2 protein chains.
Amino acid sequence: MKKVNIAIVGATGAVGQEILKVMTERNFPYKSLKLLASKRSAGQKITYNGEVYEVEETTEKSFDDVDIALFAGGPASRAYGRIAQSKGVIVIDNSSTFRLEPDVPLVVPEVNPEALKDHKGLIASPNCSTIIMAVALNPIYRFSKINRVIVSTYQAVSGAGREGIDELSIQSKQVLDGSPIKPDKFAHQIAFNLIPHIDSWVEENYTKEEMKMVYETHKIFDDKEMAITATTVRVPVFRSHSESVYIETEENIPVEKVKELLSSSKGIVVKDEPQENSYPMPADTSDTDDIYVGRIRKDLYIKNGLNLWIAGDQIRKGAATNTVQIAEELLKNNLV
Amino acid sequence: MKKVNIAIVGATGAVGQEILKVMTERNFPYKSLKLLASKRSAGQKITYNGEVYEVEETTEKSFDDVDIALFAGGPASRAYGRIAQSKGVIVIDNSSTFRLEPDVPLVVPEVNPEALKDHKGLIASPNCSTIIMAVALNPIYRFSKINRVIVSTYQAVSGAGREGIDELSIQSKQVLDGSPIKPDKFAHQIAFNLIPHIDSWVEENYTKEEMKMVYETHKIFDDKEMAITATTVRVPVFRSHSESVYIETEENIPVEKVKELLSSSKGIVVKDEPQENSYPMPADTSDTDDIYVGRIRKDLYIKNGLNLWIAGDQIRKGAATNTVQIAEELLKNNLV
């Protein structure tokens with residue numbers, strides 16, 4: 001693969017750090033590496049592949065001589081995404097800023113790599129819950145169209161970044177000690193509690209997180225007919241989102257066939273041995289790139305209805321890994 | 001109300017203790033009180049309404065001179081439920097042992113009090129997740145038949161009794177301290193994790209807990225046509241189960257009408273003010289008898305589809321309170 005000048009925007013955050021980890025693991029080909037962050041984090045030293053880099057403050061000038069910029073998310077995307085693109089940089093963005101814009105491909109490499117072909121220099125990586133669901137549904141969808149999706153999520157605090165992780169840890173200690181707690185990053189206590197509210201409120205009392213799962217899935221599968229409805233819930237888990245997903249397919253697919261379709265797909269591990277108490281759980285699926293699927297059951301009353309239980313690391317495949325994979329896909333297909 | 005000789009079987013467990021608390025709060029009318037438990041707990045002293053009672057070991061003889069026996073659940077139900085009934089005692093049982101037997105009414109007083117009329121001396125209180133869902137669905141069902149239910153649960157460790165509560169507490173400390181953990185009551189780590197597996201495995205890879213939600217709901221509503229499918233998941237929360245419930249009704253019901261139906265029903269609190277970040281959460285719904293409903297949203301794609309988020313205290317309305325309410329209902333209607 002071609003070696004490129006790469007920049008990581010938001011290199012000091014949870015996703016930025018994971019992007020660097022994933023790049024090392026996958027031996028990502030680069031000529032030069034630039035680590036960018038907000039003014040507050042500038043000056044920090046980060047070691048990558050044995051070399052020490054100093055984090056620089058992101059400015060317009062930062063993008064000169066950069067081939068690919070991986071934006072970890074956050075306000076930098078809105079501030080610099082289009083600017084970097086206009087300078088000829090290929091931007092791969094993790095934030096929700098550009099995902100639904102018509103000139104921006106929204107890509108999960110296992111699902112719709114073809115969307116990269118006509119990219120205009122700005123590519124978006126979907127929402128973490130959406131990626132995890134899309135990877136699991138794709139092999140089923142390719143076999144038989146999915147008409148309906150009813151999803152309830154169990155989302156880890158890592159989705160709220162490092163501060164989310166710290167808040168769960170600190171609050172849990174406080175609750176166990178009987179000390180008073182003070183919610184900060186989350187609207188309410190998250191330790192030993194559930195918050196059925198992620199991101200802002202949008203139409204018809206749905207949250208933005210819920211509607212991301214609808215609109216982004218429509219765009220990734222290029223199928224607006226899929227009737228998707230979501231309830232997204234924050235749970236006291238550090239990493240790895242889980243999802244209870246109910247689907248209705250066009251054709252009737254036996255459970256064994258579903259397992260076969262999933263098992264033979266890249267990036268998916270079927271973990272579904274009830275008698276051995278084996279099923280996906282966040283504690284087992286953190287720090288891995290695979291999406292785990294289990295509890296595969298036919299609806300006993302509705303033809304073609306199917307229940308799935310899915311878990312995947314929100315920071316890895318849900319963010320960092322998907323972003324790096326998009327960059328690899330571009331390089332592999334000479335789209336840089 | 002008539003005063004009765006009452007026995008609590010399993011008085012020292014989490015549900016038994018809560019039954020006593022609920023009886024005091026509600027000023028339950030009794031002539032005499034007998035506290036029964038296993039041999040291991042016999043001899044313990046429990047104070048009730050200022051009087052000290054010594055816990056006795058449950059034997060066949062224990063049920064002589066008892067009018068109503070409230071069984072908190074566990075192995076005592078199978079061992080003594082039918083025996084007590086045959087001695088003329090009215091048994092109200094919390095376990096799953098008799099729930100689906102044809103001669104046993106399965107009762108949620110807000111939903112199907114009429115089922116008590118022809119009782120044969122043995123009455124069952126439903127599974128906690130089932131009660132919580134049934135209370136919330138009832139006002140909607142009475143307005144328009146519910147054809148489909150797709151439910152994903154978020155169940156507290158209190159469902160596994162006192163040992164479940166202790167295990168979450170101890171394990172959470174261990175995880176935070178970086179100490180090794182050893183699952184005991186649960187099949188896997190529950191601290192900062194999710195376990196999509198409650199009770200034993202039954203047909204088609206569903207768990208018994210999932211099928212309880214199907215069959216018990218059918219029996220309570222006397223409607224086997226309701227297409228119900230459930231995914232039940234244990235979450236690291238101490239008390240209060242939560243449920244993401246999707247329903248399809250016969251007729252189209254506007255959200256405002258749903259709220260009105262729910263708000264005007266006994267035992268239900270509508271908490272659904274998104275702009276004030278107000279919705280049901282286990283941290284707020286523990287130690288109360290009400291079932292909380294919020295996040296009420298129409299499916300944007302499917303006619304008559306509706307999402308609800310429900311939370312309720314598993315030990316209170318999900319077990320102890322419902323049992324005591326059944327006893328009150330019997331007394332009120334001279335069915336003792």
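From a predicted model like this one, the values you see are computed outputs, not experimental measurements. (Residues numbered from 1 in each chain as written. Chains lettered and ligands numbered in written order. Predicted model: local features only at pLDDT ≥ 70, side-chain atom pairs only at ≥ 80, totals over all residues. Heavy atoms only, no water.)

J.: I'd like to hear about the nonpolar core, residue by residue, with values.
T.: Looking at soluble globular proteins, one finds that nonpolar side chains tend to be buried together. If you look at the biggest cluster of nonpolar residues, it comprises 53 residues, and the most contacted ones within it are Leu-137, Ile-140 and Val-149 of chain B. Take this core: its biggest share by element is nine residues, from helix α3 (residues 128–143) of chain B. Taken domain by domain, the makeup of this core includes at least three residues from each of domain 1 (4–126 + 319–332) and domain 2 (130–314) of chain B. Among the nonpolar cores identified, the runner-up in size contains 52 residues, and Leu-122, Ala-136, Ile-228 and Ile-310 of chain A belong to it. (Core = buried A, V, L, I, M, F, W, Y, C linked by side-chain atoms within 4.5 Å. Buried < 20%, exposed > 50% of the residue type's maximum accessible area, 1.4 Å probe, protein only. Helix = DSSP H or I, 4+ residues; strand = E, 2+ residues; numbered from the N terminus. Domains from an automatic or database assignment.)

J.: Give me the relation of the copies chain A and chain B: which residues, what numbers.
T.: In the superposition of chain A on chain B (RMSD 0.0 Å, axial shift 0.0 Å), the rotation amounts to 180 degrees. Such a combination of turn and shift is consistent with a two-fold rotation axis. Interface overlap between copies: 100% of the residues of chain A at the interface are likewise at the interface in chain B, consistent with a symmetric, same-surface contact. (Least-squares fit on C-alpha atoms with pLDDT ≥ 70 in both. Contact = heavy atoms within 4.5 Å.)

J.: Describe the interface of chain A and chain B, naming the residues involved and giving the relevant values.
T.: If you look at the interface, chain A gives 62 residues, while chain B gives 62 residues. In total, about 5500 Å² of surface goes out of reach between chain A and chain B, with carbon and sulfur atoms giving 62% of it. The interface formed by chain A and chain B holds six salt bridges in total. For Glu-248 of chain B, the salt bridge is made with Arg-148 of chain A, and the minimal N-O distance between the two is 2.7 Å. Joining chain A to chain B, the criterion identifies 38 residue pairs in polar contact (both at pLDDT 80 or more). For the side of chain A that touches chain B, the secondary structure elements donating two or more residues are β9 (146–154), α4 (161–177), α5 (208–221), β10 (227–231), β11 (241–249), α7 (282–285), β13 (291–298) and β14 (305–312) of chain A. Here the side of chain A that touches chain B is composed, by residue class, of 34 nonpolar, 17 polar and 11 charged. (Buried area = accessible area lost by both parts, 1.4 Å probe. Salt bridge = Lys/Arg side-chain N within 4 Å of Asp/Glu carboxyl O. Polar contact = N/O pair within 3.5 Å; in protein donor to acceptor, adjacent residues only side chain to side chain. Nonpolar A, V, L, I, M, F, W, Y, C, P; charged D, E, K, R; others polar.)

J.: So what's going on with the packing of aromatic side chains? Residues and values would help.
T.: Scanning the entire structure with this criterion turns up 16 aromatic pairs over all chains. When the ring of Phe-63 of chain A is compared with that of Phe-71 of chain A, the centres are 5.7 Å apart and the planes differ by 5 degrees; the resulting orientation is stacked. Judged by its relative accessible area of 1%, Phe-63 of chain A falls in the buried class. When the centroid spacing of 6.1 Å and the interplanar angle of 40 degrees are considered together, the rings of Phe-63 of chain B and Tyr-80 of chain B count as tilted. Highlighted residues: Phe-63 of chain B in the loop between β5 (56–57) and β6 (68–71) and Tyr-80 of chain B in helix α2 (residues 75–86), separated in sequence by 17 residues. Three or more aromatic residues joined by ring pairs make a cluster, and in this case those are Tyr-154 and Trp-309 of chain A together with Tyr-154 and Trp-309 of chain B. (Phe/Tyr/Trp six-rings, centres within 6.5 Å; stacked < 30°, edge-to-face > 60°.)

J.: Can you lay out empty space enclosed by the protein for me, pointing to particular residues and giving the numbers?
T.: Taken as a whole and assessed by the stated rule, the structure comprises three cavities of 30 Å³ or more. One number sums up the size of the largest cavity: a volume of about 90 Å³. Surrounding the largest cavity, 17 residues form its lining, Ile-150 and Ser-244 of chain A together with Ile-150, Val-151 and Ser-152 of chain B being those nearest its centre. Listed by contribution, the elements that provide at least two residues to the lining of the largest cavity are β9 and β11 of chain A together with β9 (146–154), β10 (227–231) and β11 (241–249) of chain B. Residues of the lining of the largest cavity, tallied by class, amount to eight nonpolar, nine polar and no charged. (1 Å grid on protein atoms, 1.4 Å probe; cavity = no way out; pocket = protein on both sides within 12 Å on 5 of 7 lines; lining within 4 Å. Points joined across faces, edges and corners; volume = space filled by probe spheres on them.)

J.: Lay out helix α8 (residues 316–332) of chain B in plain terms, naming residues and giving numbers.
T.: Residue and element names in this part refer to chain B. End to end, α8 covers just 21 Å across 17 residues, shorter than the expected 24 Å (1.5 Å per residue, more than 12% under). The sharpest bend along α8 measures roughly 40 degrees and falls at Asn-322. The positive-phi residue at the C-terminal boundary of α8 is Asn-334, with phi of around 50 degrees. (Expected span 1.5 Å × (residues − 1). Bend = angle between axes of the 7 residues up to and from the residue.)

J.: Provide a residue-level description of the side chain of Arg-316 of chain B, including the pertinent values.
T.: Residue and element names in this part refer to chain B. Mapped onto the secondary structure, Arg-316 falls in helix α8. Note on Arg-316: relative accessible area 3%, which makes it buried. A polar contact of 2.6 Å, which involves the side chain of Arg-316, links it to the side chain of Glu-25. If we ignore the near neighbours within four places in the chain, the residues touching Arg-316 are Glu-18, Lys-21, Val-22, Glu-25, Arg-239, Asp-287, Thr-288, Asp-289, Thr-321 and Asn-322.

J.: I'd like a rundown of the sheet that holds β14 of chain A, residues and numbers included.
T.: Hydrogen bonds between backbone groups are what pair the strands of a sheet, and the pairing can be parallel or antiparallel. Residue and element names in this part refer to chain A. Spatially, the six strands line up as an open sheet ordered β10-β9-β11-β14-β13-β12, and their pairing is mixed. The two strands at the open ends of the sheet, each matched to only one other strand, are β10 and β12 (268–270). Going from strand to strand, the sheet's axes swing by 25 degrees on average, the running direction of each strand aside. As defined by bridge partners, β9 adjoins β11 across eight bridges and the pair is classed as antiparallel. In the sheet register, Ile-146 faces β11, and the bridge partner there is Thr-249. Where helix α6 (residues 255–263) meets the sheet, its contacts fall on β12, β13 and β14, and the angle it forms with β13 comes to roughly 170 degrees. (Pairing = 2+ DSSP bridges. Axes fitted to C-alpha atoms, helices over the stretch in contact; angles between N-to-C directions.)

J.: Any details on a nonpolar patch on the surface? Residues and values, ideally.
T.: Among the surface-exposed residues, Leu-100 and Tyr-215 of chain A together with Leu-300 and Tyr-301 of chain B lie close enough to one another that they form a single nonpolar patch of about 330 Å² accessible area. Relative to the helices and strands, Tyr-215 of chain A is located in helix α5. Tyr-215 of chain A sits in the partly exposed class, given a relative accessible area of 31%. (Patch = residues over 30% accessible without salt bridge, like charges linked within 9 Å, V, L, I, M, F, W, Y side chains within 5 Å. Areas by Shrake-Rupley, 256 points an atom, 1.4 Å probe, with all protein chains shown as cover.)

J.: Tell me about the UniProt feature "domain: Semialdehyde dehydrogenase NAD-binding" (unreviewed entry) in chain A, residues and numbers included.
T.: Taking the numbering used here, the UniProt-annotated feature "domain: Semialdehyde dehydrogenase NAD-binding" (unreviewed entry) corresponds to residues 5–119 of chain A. Note that residues 5–119 of chain A is 21% helix and 27% strand, and that its end C-alpha atoms are spaced 19 Å apart. (UniProt positions renumbered as here; feature names shortened; annotations may be inferred.)

J.: Break down the domain arrangement of chain A for me, with residues and values.
T.: Residues and elements named next belong to chain A. Partitioning chain A into structural domains gives domain 1 (4–126 + 319–332) and domain 2 (130–314). The C-alpha centroid of domain 2 is placed 25 Å from the C-alpha centroid of domain 1. Counting from both sides, the interface comprises 22 residues of domain 1 and, opposite them, 20 residues of domain 2. Counting the surface lost from both domain 1 and domain 2, the interface buries some 1700 Å², and carbon and sulfur atoms represent 54% of this.

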